[in-house]
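# Working through the structure, step by step
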Amino acid sequence: MPRTDAAVLLPLLADPPRLVLVRRTDHGPYGGQLSFPGGKREPGDASLRATALREAAEEIGLDPAAASIVATLDPVDTHTTGYRVHPFVAVLEPVAAWRPEPREVVEVVEAQLAALADPAAHGEEVMDFPTWPQPRLTPFYRLGDHRVWGLTYRILTPVLPRLEAWTRAAP
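Residues numbered from 1 in each chain as written. Predicted model: local features only at pLDDT ≥ 70, side-chain atom pairs only at ≥ 80, totals over all residues. Heavy atoms only, no water.

Okay, unusual backbone geometry next. The omega torsion across Asp-15 and Pro-16 is -5 degrees, close enough to zero to call that bond cis. Note on placement: Pro-16 falls in the loop between strand S1 (4–13) and strand S2 (18–24). (Helix = DSSP H or I, 4+ residues; strand = E, 2+ residues; numbered from the N terminus.)

Here the focus is the pattern of salt bridges. When charged atoms on two side chains of opposite charge get close, those side chains can pair. For the structure on display, the rule yields 11 salt bridges. Here Glu-101 makes a salt bridge to Arg-103, at a shortest N to O gap of 2.8 Å. A residue is classified by how much of its surface remains accessible, and Glu-101, at 16% relative accessible area, is buried. Beyond isolated ion pairs, a larger network of salt bridges with shared partners links Asp-45, Arg-54, Glu-55 and Glu-58. (Salt bridge = Lys/Arg side-chain N within 4 Å of Asp/Glu carboxyl O. Buried < 20%, exposed > 50% of the residue type's maximum accessible area, 1.4 Å probe, protein only.)

Our next topic: the nonpolar core. Note that soluble globular proteins tend to have their nonpolar side chains buried in a common cluster. One finds Leu-10, Leu-19, Phe-36, Leu-116, Leu-143, Ile-155 and Leu-156 to be the most contacted residues of the largest nonpolar core, which totals 26 residues. Mapped onto this core, the elements with two or more residues apiece are S1, S2, strand S7 (83–92), strand S8 (105–112), helix H2 (113–117), strand S10 (136–143) and helix H3 (150–169). (Core = buried A, V, L, I, M, F, W, Y, C linked by side-chain atoms within 4.5 Å.)

Our focus in this paragraph is helix H1 (residues 48–60). Under the 1.5 Å per step criterion, the end-to-end length of H1 is 18 Å for 13 residues, consistent within 8% with the ideal 18 Å. Summarising the contacts, the buried residues of H1 are in contact with S1, S2, strand S4 (38–40), strand S5 (67–72), S7 and S8. The N-cap of H1, judged by a side-chain oxygen 3.4 Å from the amide nitrogen of Arg-49 a few residues on, is Ser-47. The positive-phi residue at the C-terminal boundary of H1 is Gly-61, with phi of around 75 degrees. (Expected span 1.5 Å × (residues − 1). Contact = heavy atoms within 4.5 Å. Polar contact = N/O pair within 3.5 Å; in protein donor to acceptor, adjacent residues only side chain to side chain.)

Quick look at the side chain of Arg-18 now. Along the chain, the position of Arg-18 falls in strand S2. Within the structure, the side chain of Arg-18 is placed 3.3 Å from the backbone oxygen of Asp-15, a separation counted as a polar contact. If we skip the residues at most four places from it in the chain, Arg-18 touches Pro-11, Leu-12, Leu-13, Glu-110, Ala-111, Gln-112 and Leu-113.

Strand order in the open sheet made by the 3 strands is S9-S10-S11, with antiparallel pairing throughout. Either end of the sheet is taken by a strand with one partner, and the two such strands are strand S9 (122–127) and strand S11 (146–149). Geometrically, the sheet is characterised by an average inter-axis angle of 45 degrees between neighbouring strands, direction not taken into account. Examined bridge by bridge, S10 and S11 share 4 bridges and lie antiparallel to one another. Across the sheet, residue Phe-140 finds its bridge partner in S11, namely Trp-149. (Pairing = 2+ DSSP bridges. Axes fitted to C-alpha atoms, helices over the stretch in contact; angles between N-to-C directions.)

What follows concerns the packing of aromatic side chains. Taken as a whole and judged by the stated rule, the model has 1 aromatic pair. Geometrically, the ring pair formed by Tyr-141 and Tyr-153 is tilted, given 4.8 Å between the ring centres and 35 degrees between the ring planes. A residue pair is termed long-range when its members are at least 10 positions apart, and Tyr-141 in strand S10 and Tyr-153 in helix H3 qualify at 12 residues. Side by side, Tyr-141 and Tyr-153 carry an identical accessibility label, which is buried. One residue, Arg-147, lies across the ring of Phe-140, its end atom 4.0 Å from the ring centre. (Phe/Tyr/Trp six-rings, centres within 6.5 Å; stacked < 30°, edge-to-face > 60°. Lys NZ or Arg CZ within 6 Å of the ring centre and 35° of its normal.)

So, on to the environment of Thr-25. With respect to the helices and strands, the residue Thr-25 is situated in the loop between S2 and strand S3 (34–35). Distance in space between the C-alpha atoms of Thr-25 and Glu-104 is 5.4 Å, their sequence separation being 79 residues.

Turning to the side chain of Glu-59, a few remarks are in order. Take Glu-59: it is sitting in helix H1. In this structure Glu-59 comes out as buried when scored by relative accessible area, which is 1%.

With 20 residues, H3 extends 29 Å from end C-alpha to end C-alpha; this agrees with the ideal 28 Å at 1.5 Å per step. Taken together, the buried positions of H3 are Leu-151, Thr-152, Tyr-153, Ile-155, Leu-156, Val-159, Leu-160, Leu-163 and Thr-167.

Here it is as structure tokens:
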């Protein structure tokens, strides 16, 4: 299947260490899910890095100048929507207030790294969606009343231990 390039930003705030996620509006293919800010590469984007920064600016009001890209992660393919998603980790300067784009984002969630890494936050459940051929056991992280699963889970899982180690080592 041909893939459409997209990019997400993993915005990292330092004190206390936390990742910025968005809860999507109920419409669209990712309705109601927690995800990283991001989206499809547009013709005017100079690079996938530029896509991730543009999308974060549009979705949560993040000034690109306040984000320092510190890592480029391996791309991850979606299972059902045909995207190849390129993740970028960015350390943020302190942000006074988020400005969620109401057509796309219901809320901005600052997830403590320690809460995500806590073994009690990990779970699995059988989920079923119309686009899936059959129900499947789906891993997730509990985050308050929310769950981080799907593509966001698959991007986060391999990088979470590195983010934790990096933030512990940071001055």
